[in-house]
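Below, each chain spelled out in residue letters.
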Amino acid sequence: NAGVTQTPKFQVLKTGQSMTLQCAQDMNHNSMYWYRQDPGMGLRLIYYSASEGTTDKGEVPNGYNVSRLNKREFSLRLESAAPSQTSVYFCASRNRGERELFFGEGSRLTVL
Amino acid sequence: AQSVSQHNHHVILSEAASLELGCNYSYGGTVNLFWYVQYPGQHLQLLLKYFSGDPLVKGIKGFEAEFIKSKFSFNLRKPSVQWSDTAEYFCALRGNSGYALNFGKGTSLLVTP
């Protein structure tokens, strides 16, 4: 059972480059989330998708876009990467009626 | 607005010592509370959760937490820590109208042999 799968696991970008982080879940969950984790800051919500076809901003959405491609997949795009976006990104999902989140293994992004 | 505050950012304990990590939250309505653990290099895993009922909840690996509504607290405890408990611990809150979890800033626990 794969759960929540994120790709890539590691990425180095130069300032101004773009990239997309991919997330897929095989648990048939309705809601999906993107968080970033920074030392001393905990996890902060970037965007979430309560259900297929909907997306909403979280606490720190600036500089990011998301796409809920279908029920399984929720991608996070950096159009023009900045050093401040150096972070570990976690995707998570949750089933309707459940309250806990299931996390992927994270994607470590470095922007030079 | 809802928020979570974890008081201890770094904790160092010797094996067999008792552990208590503080978590306070701010929210006026019904809450769901969680403790997640992140072992070095791994993703977050659920330790335990509180939704309703008995305010003392037991989780995996001998951890427990007590919900004290009057103090807006949900402290994590373990009577005797092991070296393998070295990890980062996050308290999280979901309000009754929220879709996502609000996380505290985390507590880094180092258990020395």
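It should be noted that the structure appears before, not after, this text.
Throughout what follows, the structure given in this document is the object of discussion.

About the thresholds
- Residues numbered from 1 in each chain as written.
- Chains lettered and ligands numbered in written order.
- Predicted model: local features only at pLDDT ≥ 70, side-chain atom pairs only at ≥ 80, totals over all residues.
- Heavy atoms only, no water.
- Helix = DSSP H or I, 4+ residues; strand = E, 2+ residues; numbered from the N terminus.
- Rg over C-alpha atoms; globule rule 2.2 N^0.38 Å.
- Buried < 20%, exposed > 50% of the residue type's maximum accessible area, 1.4 Å probe, protein only.
- Contact = heavy atoms within 4.5 Å.
- Areas by Shrake-Rupley, 256 points an atom, 1.4 Å probe, with all protein chains shown as cover.
- Lys, Arg positive; Asp, Glu negative; His and termini not counted.
- Charge placed at Lys NZ, Arg CZ, Asp CG, Glu CD.
- Disulfide = S-S within 2.5 Å.
- Pairing = 2+ DSSP bridges.
- Axes fitted to C-alpha atoms, helices over the stretch in contact; angles between N-to-C directions.
- Polar contact = N/O pair within 3.5 Å; in protein donor to acceptor, adjacent residues only side chain to side chain.
- Buried area = accessible area lost by both parts, 1.4 Å probe.
- Salt bridge = Lys/Arg side-chain N within 4 Å of Asp/Glu carboxyl O.

## As for the overall build of chain A
Argument step 1. Scanning chain A from N- to C-terminus turns up zero helices and 11 strands.
Argument step 2. Going from N to C terminus, chain A has its helices and strands arranged as β-β-β-β-β-β-β-β-β-β-β.
Argument step 3. A globule of 112 residues ought to have a C-alpha radius of gyration of about 13 Å, and chain A, at 13 Å, matches this closely.
Argument step 4. Taken along the three principal axes of its C-alpha coordinates, chain A extends 40 × 25 × 25 Å.
Argument step 5. In chain A, buried positions account for 49% of the 112 residues.
Argument step 6. In chain A, the share of contacts with a sequence separation of at least 24, taken over all contacts with a separation of at least 6, comes to 53%.
Argument step 7. On chain A, roughly 5,300 Å² of surface is accessible, and the fraction owed to carbon and sulfur atoms is 46%.
Argument step 8. Averaged over its 13 positive side-chain charges, chain A has a centre that lies 3 Å from the centre of its 10 negative ones.

## Some remarks on the environment of L48 of chain B
Residue and element names in this part refer to chain B.
Argument step 1. Among the secondary structure elements, L48 is positioned in strand β6 (residues 44-50).
Argument step 2. Assessed through its relative accessible area of 3%, L48 is described here as buried.
Argument step 3. Spatially, the C-alpha atom of L48 lies 16 Å from that of N24, the residues being 24 residues apart in sequence.
Argument step 4. Residues contacting L48, with those up to four places away along its chain left out, are L33, F34, W35, V57, K58, G59, F63, E64, A65, F74 and L76.

## Thoughts on the state of the cysteines
Residue and element names in this part refer to chain B.
Argument step 1. Scanning the model with the defined rule gives two disulfides over all chains in all.
Argument step 2. Here C23 connects covalently by a disulfide to C91, the sulfurs 1.9 Å from one another. Its S-S torsion of about -65 degrees marks the bond between C23 and C91 as left-handed, since a negative value means left-handed. With C23 in strand β4 (residues 23-26) and C91 in strand β10 (residues 87-95), this residue pair connects regions lying 68 residues apart in the sequence. Both residues of the pair, C23 and C91, belong to the buried class.

## Here's the deal with the sheet that holds strand β3 (residues 19-25) of chain A
Residues and elements named next belong to chain A.
Argument step 1. Sheet architecture is open: four strands sit in the order β1-β3-β8-β7, paired in antiparallel fashion. Where the open sheet ends on each side, the last strands, each with one partner, are β1 (4-7) and β7 (65-68). Taken pair by pair, the neighbouring strands of this sheet meet at an average axis angle of 15 degrees, ignoring direction.
Argument step 2. Relative to β3, β1 runs antiparallel, the two sharing four bridges.

## Regarding the side chain of R44 of chain A
All names here are of chain A.
Argument step 1. Locating R44 in the fold gives a position in strand β5 (residues 42-49).
Argument step 2. At 2.9 Å, the side chain of R44 and the side chain of D38 are in polar contact.
Argument step 3. Dropping the residues within four chain positions of it, R44 is found in contact with W34, Y35, R36, D38, E59 and V60.

## Brief notes about the interface of chain A and chain B
Argument step 1. Taken together, the contacts link 18 residues of chain A with 19 residues of chain B.
Argument step 2. Summed over both sides, the interface between chain A and chain B buries roughly 1,600 Å², with carbon and sulfur atoms accounting for 59% of that surface.
Argument step 3. Considering only the side of chain A, the residues that lose the most area to chain B are R99, E100 and F103 of chain A, jointly responsible for 35% of the buried surface there.
Argument step 4. For the pair chain A and chain B, the interface holds one salt bridge.

## Observations concerning the environment of Y99 of chain B
Argument step 1. Counting through the fold element by element, Y99 of chain B comes out in the loop between β10 and β11 (102-103).
Argument step 2. In this structure Y99 of chain B comes out as partly exposed when scored by relative accessible area, which is 41%.
Argument step 3. For Y99 of chain B, the residues in contact, after removing those within four places along its chain, are Y33, Y48, A50 and R94 of chain A together with R94 of chain B.

Bear in mind that shape data such as this cannot, by itself, settle questions of function.
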